[in-house]
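Residue-level structural notes
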Amino acid sequence: MEIQHVNLKLHLRHSGVVDLEPLIPIFHDWVREQSCEETLVDVADYRHVPAGPGILLVGHEADYSLDWSDNRLGVRYNRKARLGGANQDRFRQALRAVLTTCRKLEEDGRLEGKLGFESREFELGVNDRLLAPNNEETYASLSPEIGCFCDGLFGRNNYSATHQSDPRRRFSVLVQTPFPMDRSRLLNDLSP
Amino acid sequence: MKASNHLWKERLAGDIDEPLNREIDIFETEIDLRRQEKVDERLFAETRLRRGVYGQRYDNGQRHDGRVARSLEYPTANPTKGPNTLWDAPGMQRIKIPYGGLNGAQLEVMAELAEEYSDGIAHVTTRQDFQLHYVHMEDTPSLMRRLGAVGITTREACGNSVRNVTACPFSGVCPDEAFNVTPYAKALSRFLLGHPDCQNFGRKFKPAFSGCSQHACGLTSMHDLGAIAVTRRENGVEVRGFELYVGGGLGAVPYQAKLFDEFLLPEQLLPTAQAIARVFARLGEKKNRARARIKFLVHDLGIEKFKALVLEERDRLPEDPRWKQYLSEALAASGEESPQPAGDLSESGSPEYRQWLKTNVRPQKQTGFVVATITLPLGDITADQLRSLADIARRFTPDTVRTTVEQNVVLRWVRQCDLAELFQALESAQLARPGASNVVDVVACPGTDTCKLGISSSRGLAAELQHRLASKSAEMDQAIQDLHIKVSGCFNSCGQHHIADLGFYGVSRKVGGYAVPHFQVVLGGQWTQNAGSYGLPIVAIPSKNIPEVVSRLGERYVSDRNQGESFQDFIKRTGKLQVRKLLEDLAKVPGYETDRSNFSDWGDPREYSISDIGKGECAGEVVTAVEFDLAAAERQVFEAQVFAEEGDFQQAGETARGAMLHAARGLIKIEFLDVPDDRDEVVKEFRTRYFDTEKIFDPFAGPKFANYFFAAHRSSGNGHTPESSRRLIEEAQLFIEACHGCFNRMGLVPSAATA
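Residues numbered from 1 in each chain as written. Chains lettered and ligands numbered in written order. Predicted model: local features only at pLDDT ≥ 70, side-chain atom pairs only at ≥ 80, totals over all residues.

Before going further, it helps to spend a moment on the environment of Tyr557(B). Residues and elements named next belong to chain B. When you line up the elements, Tyr 557 lands in helix α17 (residues 546–560). Here Tyr 557 falls in the buried class, since 21 other C-beta atoms lie within 10 Å of it. Between the C-alpha atom of Tyr 557 and that of Ala 479, which follows or precedes it by 78 residues, the distance is 8.2 Å. When neighbours within four sequence positions are excluded, Tyr 557 is seen to be in contact with Ala 479, Phe 567 and Phe 570. (Helix = DSSP H or I, 4+ residues; strand = E, 2+ residues; numbered from the N terminus. Buried ≥ 20, exposed ≤ 12 C-beta atoms within 10 Å, placed from the backbone. Contact = placed C-beta atoms within 7 Å.)

The following block contains the structure:
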């Protein structure tokens, strides 16, 4: 089963209210510098929408956001354009994009360390209901691929993967690790 | 762009009505032909617009990053999807929702589309449509098929066509309505959709229905075609009819619709609308887009002549069985009553619940049932919320919701006894925000966020106002709570600023050589009486000072108003001169080097620009003189308003005309310091130097505003009525804005600013 349009959200640890406003100038700078792999187009501010996309960095091939969906803060990567290679490559590319975003934000002094980038879980999904309807059949089909991907990242038995089975939502699996992820190591491992 | 695009056609085969299915197939072919450059870009642009596929900001590939304008490097350089519109640039998909009516299945599809093709947000517009932003051209056929499978079309959502037929969202349940207009709106929408007589308009055509004349919900006065339900008794029997209006519209210069028929029988509705469409298509302006709306045709012909032409046309129309068939089918299918008996209302509960009850719930005419309004911030709703809304609609209503012109959603047929549970369900979905249709429920068009025409950040300002007002709404005087605030990003009025108590529209000003986002403060508009009267601009204030404008006006209203006095009456009694004085200090902008906060807009930290700012070749003194002239011209427009307010319409009109002349002279001075005082000479010089060279042409409106100036000059010596003087004032203001725009585009930096 070939999948496209990987949608990956890394949930972030945070406490209480988080002000996303400092993200706006940072993302505008990224557009100016075209500092991602994709062609970056604009920044959208959805802070007024509860449990919404937060601050969105709109790209041509993919969008990045610090979003609040499910009332959980996270860095999301939403691949819009097709990507060559195998499914594993597409998973790796999405996680690499998210982790790179975390690293860049963490290094940006304007956030003043207000965002914690520690994470123990991410949601790996497919943003296309026709390619990947959210049902058991898709899960059965993709489970080995996701298992292979996560084994490579964390080692077998060092994580759990749970299908988020609400049929109206997009297909996704919640991957959790018992300890905070070593993002530097992961980024290194995911390098092309 | 989606990998699944080629699969949806097969997957939904049989689920879409065949005519719509065929239309989408044809559209897909047109996309292919354009990709092969076998279709002209202008033709393709209108083709996609008529499918609701709209352009979006930066789709020309240019974006100012706060320092300089840069090109966005999209992978596909050619073809374009219209003049100056790059193929890869994301666009907006408008989705027509006749009378704002949706069911759960449709909401769920809207959620899927928002997630898969857009940014996870669906946006409710001021005309009861939905819009999805950042949509890619290649995805639109799949998106349309998925909508088609649940009975929604995007056909004629944009372009020179009959746009969404809107209607009061309380139709059928409002205690004050004459009768339920829903089936009539439905029948008209169905009849005019794709009708051959509606394919050759010079501009768009917007119909609206209202169940009564006194409330605002239908806004019929500002529509091309407005129908208000009325009844009368004939031989002891109640007969239904419509007060029919034509030629209303906001836009740059607003027009109140004219009464066409005080009692049009329902069976005459469709043929009359068809006849109006035919007259509009035949006689309406086609070349000059600035005068192509039907309001200009009605104005130029006069309502009596226009009516005579329409009735003549109607008499000539061959009988069409659909006139009656569509009405009878819509009337037969109009029932949506709740099958469950209503219970008693429980008013006890949390303070949040009681506040929500107070602002968001209103009784229906059917005993025991209520309408609950879901207040959407800036009209935005997430995909998850749409799915929750679908569940809520199924659980608490007969599977029905309606969007509103205030960018909200209403739930009808809610049993009173279910309100506490409904509130809980809404709270879980984060949809239980109070303040429906009051001062915190700020309406805004997309503005600079996504609109190609936006000048200032209407959504940024609206979000800021909502945030500030919501934090103190509990302590606010009721008189303040009842005000309406509406914000447009430019003069085009998509945010309906003319009909708000406090309206704002975006303009740009140069201060010390740097562009500063501003909003014109528009006061005196009337929201009720179906948008009964329009406000006028008082003064342009820097964007960042607008919250203080709201605060000051609110405080003055509370302290000085007479018992029961409306805001509109209060402004009228106070006088524009006094109001302007109250705000005047807020118009000042500290220098760029002193405080840069005014040089960027709300929610957008980039240094503000609507074009590149560079050094020109003119002497600084000359430029300073231009700025002085433009400011003087603006003062004259304001004086004209004061004359109009005092009832001296002759003087008002002449002063507005003089203001235009003043602004024109200012621009001429850049090139020709010794411009003579003679009016004819000024017009001649202006035409040669700015019109023939197209320097004054607005990037989007073209020669529209310059033509206001020429028309004003041609009509010199004519008398002024209240309406004509008012129009001249509006046109003068817009012409001056155009002069500001022209000056900004010329990139002239005064020597004083660079010193």
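So that's the structure; there's more coming.
Glancing now at the domain arrangement of chain B. All names here are of chain B. On domain assignment, one finds that chain B holds domain 1 (5–148), domain 2 (166–332), domain 3 (351–428), domain 4 (439–613) and domain 5 (616–755). Its C-alpha centre places domain 1 at a distance of 29 Å from the equivalent point of domain 2. Residue-level contacts link five residues of domain 1 with eight residues of domain 2. For the side of domain 1 that touches domain 2, a count of residues per class yields two nonpolar, two polar and one charged. (Domains from an automatic or database assignment. Nonpolar A, V, L, I, M, F, W, Y, C, P; charged D, E, K, R; others polar.)

Each partner contributes to the interface: chain B provides 36 residues, whereas chain A provides 34 residues. Only α1 (5–11), α4 (104–117), β17 (380–382), α12 (383–396), α14 (458–471) and β26 (604–607) of chain B provide two or more residues apiece to the side of chain B that touches chain A. Examining the composition of the side of chain B that touches chain A, we find that four residues originate from one element, α4(B), more than from any other. The class makeup of the residues in the side of chain B that touches chain A is 14 nonpolar, seven polar and 15 charged.

Residue and element names in this part refer to chain B. Here Phe 263 lies in strand β14 (residues 258–264). As for Phe 263 and Ala 229, which are separated by 34 residues in sequence, their C-alpha atoms are 9.0 Å apart. Setting aside its immediate chain neighbours within four residues, Phe 263 contacts Val 230, Arg 232 and Gly 241.

A few words on helix α6 (residues 182–192) of chain B. Residues and elements named next belong to chain B. Most of α6 sits inside the fold, with 10 of its 11 residues counted as buried. Considered for burial, the residues of α6 that qualify are Thr 182, Pro 183, Tyr 184, Ala 185, Lys 186, Ala 187, Leu 188, Ser 189, Phe 191 and Leu 192. Next to the buried residues of α6 lie β10 (166–167), β11 (207–210), α7 (266–283) and α10 (322–332). Looking at the residues trailing α6, positive phi occurs at Gly 194, about 70 degrees.

Let us now look at the confidence of the model for chain B. Residues and elements named next belong to chain B. When pLDDT is averaged across chain B, the result is 91; 97% of the residues are at 70 or more. Counting interchain partners and residues more than four positions distant, the pLDDT-below-50 stretch residues 612–623 has 26 contacts. In the model, residues 749–755 has pLDDT below 50 throughout and makes 16 contacts with residues more than four positions away in sequence or in other chains. Quick note on the complex model: pTM equals 0.89, ipTM equals 0.98. (pLDDT = per-residue confidence, 0-100.)

Let's shift gears to the pairing of strand β2 (residues 40–46) of chain A. Residue and element names in this part refer to chain A. Burial runs high along β2: seven of the seven residues are buried. Direction of pairing for β2 relative to strand β3 (residues 54–59): antiparallel, over a ladder of six bridges. In the strand pairing of β3, Tyr 46 is matched with Gly 54. (Pairing = 2+ DSSP bridges.)

Looking now at the sheet that holds β3(A). Residue and element names in this part refer to chain A. Strand order in the open sheet made by the eight strands is β2-β3-β4-β5-β1-β6-β8-β7, with antiparallel pairing throughout. Sheet topology places β2 and β7 (160–163) at the edges, where each strand pairs with a single neighbour. Across this sheet, the average inter-strand angle for adjacent strands is 15 degrees, counted without regard to direction. The strands touched by helix α1 (residues 23–33) within the sheet are β2, β3 and β4 (62–67), with β2 carrying the most contacts at an inclination of about 170 degrees. (Axes fitted to C-alpha atoms, helices over the stretch in contact; angles between N-to-C directions.)

Residues and elements named next belong to chain B. Strand order in the open sheet formed by five strands is β1-β6-β9-β8-β17, and the pairing between neighbours is antiparallel. The open sheet has two edge strands, β1 (53–54) and β17, and neither has a second partner. Pairing geometry for strand β8 (residues 121–124) and strand β9 (residues 130–135), over two bridges, is antiparallel. Across the sheet, Val 124 pairs through a bridge with Phe 130, a residue of β9. Here α4 sits on the sheet and contacts β8 and β9; the angle it forms with β9, its principal contact strand, is near 20 degrees. α12 rests against β8 and β17 of the sheet, and its axis sits at about 85 degrees to β17.

Our next topic: unusual backbone geometry. If you check the backbone angles, Asn157(A) has positive phi at about 70 degrees while not being a glycine. We classify Asn157(A) as exposed; it has 7 C-beta atoms within 10 Å. One non-glycine residue, Asn235(B), adopts positive backbone phi at about 55 degrees.

In helix packing, the relevant descriptors are the interaxial angle and the interaxial distance, both defined with respect to the helix axes. Residues and elements named next belong to chain B. Running from amino to carboxyl end, α6 crosses α7 at an angle of 35 degrees, the nearest separation of the two axes being 11 Å. You can see that α6 and α7 cross each other, and the crossing is right-handed. Between α6 and α7, the residues in contact are Tyr 184, Ala 187, Leu 188, Phe 191 and Leu 192 and Pro 266, Leu 269, Leu 270, Ala 273 and Ala 277, respectively. By residue class, the composition of the contact of α6 with α7 is 10 nonpolar, no polar and no charged. (Left-handed = near helix turned anticlockwise from the far one by under 90°.)

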